[in-house]
Amino acid sequence: MVQPVVVGVDGSDGSLAALDWAVEEAARLRLPLRVVHASLWERYEGAVPSFSGERPAEEVAAQRIVASSEQRARQLCPDVEVNAVTAPDDAAQALVAESDNASLLVTGRSGRGAVKELLLGSVSLAVAGRARCPVVVVRGEGRNIKGMSHRVVVAVGEADEAATAVRFAFREAAARGCELQAVRAWRSPQQPTDPLSVLDSAARSYETWAKAVLDEVLEESLAEHPDVSVTRTVVEGPTHHVLLGPAADADLLVLGATRRQDGVGLHLGRVSHTALHRAGCPVAVVPHR
């Protein structure tokens, strides 16, 4: 079965940007698009007696959001197969459930109501931290969202955890026909009491190790995508700060995330949290179990 690109919509400006991004992604990857609007009105409809034949306002609003989103998607790209549905569930729970049968989940930066002024909406954060497929949170400036930078950036962590995110990043760069920038951050040891020459030697050792890890992780994907142009960047500093610079001039920032088998809580580290709240481009969180 072909797994679709799934996008969550709620009628907000953020979800419209996510919808447009998801349509283009589905077209790039030649996948169907599934548009999902979560609403709890169906759960509680029978609990309140109705004395008129009019449909509940929540039902009307939900159907309008689904219909207008489907129409917008079809107009943006008539060649993409579109399926739009309403899920009778909490938004985050509905989208996490969709992740079992999705190739990619797409959400907007924020939703409706009070949370829209936050750096990142609670639904997007929950989905990025719990989904079982890659999640893209569409954020950043218009140039970055529209893919005008022609660059995908991937953060390369430890070799045994970074492979899944790197494969995803190569697929994106190949589909877009753009450059891939692989970034590996390293930290120098704390200031010792030894002479400066010893400190310099230790720092060079850390940098050399970072380059070796980067080469090791990229090797397999480079063989699978020989046409993708790759730039290697090894930078001293904390990863969550180092990535913000490259992300400001990128179409997509790709991060790996380790999911625990118990499935409890949000499985997002400091790097993912920082990128999801502050990156200047859409952020993909790719789970690794």
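From a predicted model like this one, the values you see are computed outputs, not experimental measurements. In every chain, residue numbers begin from 1 and rise along the written sequence. Only residues with pLDDT of 70 or above have their local features reported here, since the model is predicted, and side-chain atom pairs are shown and tallied only from 80 upward, although totals for entire chains, interfaces and linings are computed over all residues. Hydrogen atoms and water are omitted, and side-chain values are computed over all heavy atoms in the structure.

With that settled, the discussion passes to the overall build of the chain. Tallying secondary structure elements over the chain gives eleven helices and ten strands in all. Counting every position in the chain, which comprises 289 residues, the buried fraction comes to 47%. Surface exposure of the chain reaches about 14,500 Å², of which carbon and sulfur atoms provide 50%. Secondary structure elements are defined from DSSP: runs of H or I of at least 4 residues count as helices, runs of E of at least 2 residues count as strands, and each element is numbered from the N terminus. Residue burial is assigned from relative accessible area. The probe radius is 1.4 Å, only protein chains are included, and a residue is buried under 20% of its type maximum, exposed over 50%, and partly exposed in between. Computed by Shrake-Rupley with a 1.4 Å probe, the accessible areas treat only the displayed protein chains as cover when residues are assessed.

It is worth spelling out the confidence of the model for the chain at this point. In low-pLDDT regions, the fine details of the predicted coordinates are not to be read closely. Averaged over all residues, the pLDDT of the chain is 86; the fraction at 70 or higher stands at 82%. The quantity known as pLDDT measures the predictor's confidence residue by residue, on a range of 0 to 100. The contact criterion used is simple: two residues touch if any of their non-hydrogen atoms lie within 4.5 Å. Counting contacts from residues 43-49, a segment whose pLDDT is below 50, to residues more than four positions away or on other chains yields four contacts. Note on residues 111-119: pLDDT is under 50 here. Beyond four places in sequence and across chains, it has eleven contacts.

Patches in this entry comprise residues that are over 30% relatively accessible and not in a salt bridge; like charges within 9 Å are linked, as are nonpolar side chains (Val, Leu, Ile, Met, Phe, Trp, Tyr) within 5 Å. The term salt bridge refers to a side-chain nitrogen of Lys or Arg lying within 4 Å of a carboxyl oxygen of Asp or Glu. The positive count covers Lys and Arg only, the negative count covers Asp and Glu only, and His and the chain ends enter neither. By convention, the point assigned to a charge is CZ for Arg, NZ for Lys, CD for Glu and CG for Asp. Side chains of Glu-216, Glu-219, Glu-220 and Glu-224 sit close together on the surface and give a patch of like negative charge. Tracing the backbone through its elements, the reader meets Glu-220 in helix H8 (residues 196-224).

A few words on the pattern of salt bridges. Overall, the coordinates contain twelve salt bridges when judged by the stated rule. Close ionic contact of Arg-28 with Glu-25 constitutes a salt bridge, the shortest N to O distance being 2.8 Å. Separated by three residues within a single helix, Arg-28 and Glu-25 lie in helix H1 (residues 13-29), roughly one turn from each other. In this structure Arg-28 comes out as partly exposed when scored by relative accessible area, which is 27%. One network of salt bridges, in which partners are shared, links Glu-25, Arg-28, Arg-171, Glu-172 and Arg-176.

For this analysis, a ring pair means two rings from Phe, Tyr or Trp (six-membered ring only for Trp) whose centres lie within 6.5 Å, classed as stacked if their planes differ by under 30 degrees, edge-to-face if by over 60, and tilted for the remaining angles. Counted by the stated rule, this structure contains zero aromatic pairs. Two conditions define a charge located above a ring, namely a distance within 6 Å from the ring centre to NZ of Lys or CZ of Arg, and an angle within 35 degrees of the ring normal. Looking at Arg-28, its charged tip hangs above the ring of Trp-21, at a distance of 5.8 Å from the centre.

Our focus in this paragraph is helix H4 (residues 91-98). Residues of H4 that are buried: Ala-92, Ala-94, Leu-95, Val-96 and Glu-98. Structurally, H4 contributes buried residues whose contacts are with strand E1 (5-8), strand E2 (33-38), strand E3 (82-87), strand E4 (104-108) and helix H5 (122-130). Capping the start of H4, Asp-90 holds a side-chain oxygen 3.1 Å from the backbone nitrogen of Ala-92, two or three residues further along. Throughout this description, a polar contact denotes any pair of N or O atoms lying within 3.5 Å of each other; where both atoms belong to protein, one of them has to be capable of donating a hydrogen while the other can accept it, and for residues adjacent in sequence the pair is counted only when both atoms sit in side chains.

Further remarks concern unusual backbone geometry. Of note, the phi angle at Arg-30 is positive, near 55°, even though the residue is not glycine. Mapped onto the elements of the fold, Arg-30 is located in the loop between H1 and E2. Classification of Arg-30 as exposed rests on a relative accessible area of 76%. For His-150, which is not glycine, the phi torsion reads 60° and is therefore positive.

Let's shift gears to helix H11 (residues 270-278). Along H11, the residues that are buried comprise Ser-272, Thr-274, Ala-275 and Leu-276. Packed against the buried residues of H11 are H5, strand E5 (135-138), helix H9 (239-242), helix H10 (244-247), strand E9 (252-258) and strand E10 (283-288).

A separate point is the pairing of E9. Among the seven residues that make up E9, five are buried, leaving the element largely enclosed by the rest of the structure. Where strand E6 (residues 151-155) meets E9, three bridges bridge the pair, whose relative direction is parallel. Counted as the bridge partner of Val-153 is Leu-253 from E9. Here, strands pair whenever DSSP counts at least two bridges between them. In this sheet, E10 lies alongside E9 in parallel orientation, the contact comprising six bridges.

Attention now goes to the sheet that holds E3. The sheet built from ten strands is open, its strands ordered E3-E2-E1-E4-E5-E10-E9-E6-E7-E8 with mixed pairing. Each edge of the open sheet is held by one strand with a lone partner, namely E3 and strand E8 (230-236). Strand-to-strand twist across the sheet, computed as the mean angle between neighbouring axes with direction ignored, equals 20°. Across three bridges, E1 lies against E4 in parallel orientation. Bridge assignment links Val-6 to a residue of E4, and that residue is Leu-105. Helix axes use the C-alpha atoms of the stretch in contact, all axes being lines fitted to C-alpha atoms, and the angles between their N-to-C directions lie in the range 0 to 180 degrees. Helix H7 (residues 159-176) contacts E4, E6, strand E7 (179-186), E8, E9 and E10 of the sheet and is inclined by roughly 155° relative to E9.

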